[in-house]
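Below, each chain spelled out in residue letters.
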Amino acid sequence: QVQLIESGGGLVQAGGSLRLSCAASGRTFSSYAMGWFRQAPGKEREFVAVISWGGGSTYYADSVRGRATISRDNAKNTVYLQMNSLKPEDTAVYYCAASTDGRSPRLGYQYNYWGQGTQVTVSS
């Protein structure tokens with residue numbers, strides 16, 4: 001069992017930056033691929049980024065590529081999402097998730113555990 005707690009969301013102006021964190025419980029954090037998803041009001045949840053077990057492989061959605069960086073610190077059981085040059089369309093609840101699928105999963109059903117989410121609001 002893995003529990004995930006996101007933090008770091010908030011209100012930011014367009015062009016600004018935020019770093020989201022996701023702290024995981026359990027001693028097997030390093031065995032999970034970790035992903036970030038987001039869901040805007042009235043829209044379906046969408047994939048944002050994923051990082052492999054050891055951090056050597058990452059993948060980003062086209063909508064954030066070049067503006068986002070996903071990283072992890074397995075010693076701290078934490079995964080991060082640095083978002084720069086934020087746009088109003090980045091406004092959403094951001095969720096982190098853990099997956100036992102080692103192939104950089106990008107679909108929600110491939111993830112075993114989810115956090116409660118953190119709100120990111122970007123004002124224009």
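Before reading on, note that the structure itself is shown above.
An account of the accompanying structure is given in this report. (Residues numbered from 1 in each chain as written. Predicted model: local features only at pLDDT ≥ 70, side-chain atom pairs only at ≥ 80, totals over all residues. Heavy atoms only, no water.)

Scanning all chains against the criterion turns up 1 disulfide. The disulfide that involves Cys22 links it to Cys96, with 1.9 Å between the sulfurs. The disulfide joining Cys22 to Cys96 has a torsion of about 40° about its S-S bond and is therefore right-handed. Here Cys22, found in strand β3 (residues 18–24), pairs with Cys96, found in strand β9 (residues 92–99); they are 74 residues apart in sequence, far enough to count as distant. (Disulfide = S-S within 2.5 Å. Helix = DSSP H or I, 4+ residues; strand = E, 2+ residues; numbered from the N terminus.)

Here we take up the pattern of salt bridges. Scanning all chains against the criterion turns up 4 salt bridges. With a closest N to O distance of 2.5 Å, Glu46 and Arg38 form a salt bridge. Judged by relative accessible area, Glu46 falls into the partly exposed class, the value being 33%. Among the salt bridges present, the one from Arg67 reaches Asp90, with a minimum N-O distance of 2.8 Å. Of this pair, Arg67 sits in the loop between β6 (58–60) and β7 (68–73) while Asp90 is found in the loop between β8 (78–83) and β9, placing the two residues 23 residues apart along the sequence. Each of the salt bridges in this network shares a partner with another, and the network as a whole consists of Arg38, Glu46, Arg67 and Asp90. (Salt bridge = Lys/Arg side-chain N within 4 Å of Asp/Glu carboxyl O. Buried < 20%, exposed > 50% of the residue type's maximum accessible area, 1.4 Å probe, protein only.)

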